[in-house]
Amino acid sequence: MRQIVLDTETTGLEVSQGHRIIEIGCVELQNRRLTGRHFHRYINPERDIDAGAIEVHGITNTFLADKPVFASVAREFREFIDGAELIIHNAPFDVGFLNGELKRLDAKGLLVEDLSSVVDTLVMARERHPGQRNSLDALCGRYGVDN
């Protein structure tokens, strides 16, 4: 089984307010083993990053000024995830942003769900640890993962 562990960073919290993706990071697993293949791109969002978002991820407007726009990496990204099971913590957030970017390119084009199935590890964590903090940092602490 081919799986892709995926995460994004964004200019803010709401696609509906015009926020954009600024980083996509993916690693590929085959039969739950790292293959060595990955997809990682910084993306010029063509807009300013909210101060609160910079506090979270540390990525600045200046750093992204010379990076490619989403349109120039979209084809390669689609090809990388095509047919894989995506593993994403808080999947609606990342998928919402990815689909927002894809819709900007082609309103009737393929969306993430058309290319891949999606597993949300936040849903899994909430089922396994109800009533507890289930952020990635909390889960790393709980399971002794050095992050």
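Residues numbered from 1 in each chain as written. Predicted model: local features only at pLDDT ≥ 70, side-chain atom pairs only at ≥ 80, totals over all residues. Heavy atoms only, no water.

Tracing the backbone shows Leu98 in helix H4 (residues 91-105). Take Leu98: its relative accessible area is 0%, and that puts it in the buried class. Spatially, the C-alpha atoms of Leu98 and Leu111 are 8.0 Å apart, while their sequence positions differ by 13 residues. Not counting the four nearest positions on each side in its chain, Leu98 is found in contact with Leu6, Thr8, Ile21, Ile24, Phe77 and Val112. (Helix = DSSP H or I, 4+ residues; strand = E, 2+ residues; numbered from the N terminus. Buried < 20%, exposed > 50% of the residue type's maximum accessible area, 1.4 Å probe, protein only. Contact = heavy atoms within 4.5 Å.)

Here we come to the packing of aromatic side chains. Under the criterion given, the structure shown has four aromatic pairs. Measuring from centroid to centroid gives 5.6 Å for Phe39 and Phe77, while their planes differ by 55°, and the two rings are tilted. Separated by 38 residues along the polypeptide, Phe39 in strand S3 (residues 33-42) and Phe77 in helix H3 (residues 70-81) bring together distant segments of the chain. Classification of Phe39 by relative accessible area gives buried; the value is 1%. On the basis of an interplanar angle of 35° and a centroid distance of 6.0 Å, the ring pair of Phe39 and Phe80 is categorised as tilted. A residue pair is termed long-range when its members are at least 10 positions apart, and Phe39 in strand S3 and Phe80 in helix H3 qualify at 41 residues. Within the aromatic cluster, the residues linked to one another by ring pairs are Phe39, Phe77 and Phe80. In this structure, Arg41 is placed above the aromatic ring of Phe39, and the distance from its NZ or CZ to the ring centre is 4.5 Å. (Phe/Tyr/Trp six-rings, centres within 6.5 Å; stacked < 30°, edge-to-face > 60°. Lys NZ or Arg CZ within 6 Å of the ring centre and 35° of its normal.)

A positive phi angle, close to 60°, is found at Glu46, a residue other than glycine. Considering the arrangement of structural elements, one finds Glu46 in the loop between S3 and helix H1 (51-57). Even without being a glycine, Asn90 presents a positive backbone phi close to 65°. By secondary structure assignment, the location of Asn90 is in the loop between strand S4 (85-88) and H4. On the accessibility criterion, Asn90 (32% relative accessible area) is partly exposed.

Interpretation note: all reported values are geometric properties and have no functional meaning in isolation.
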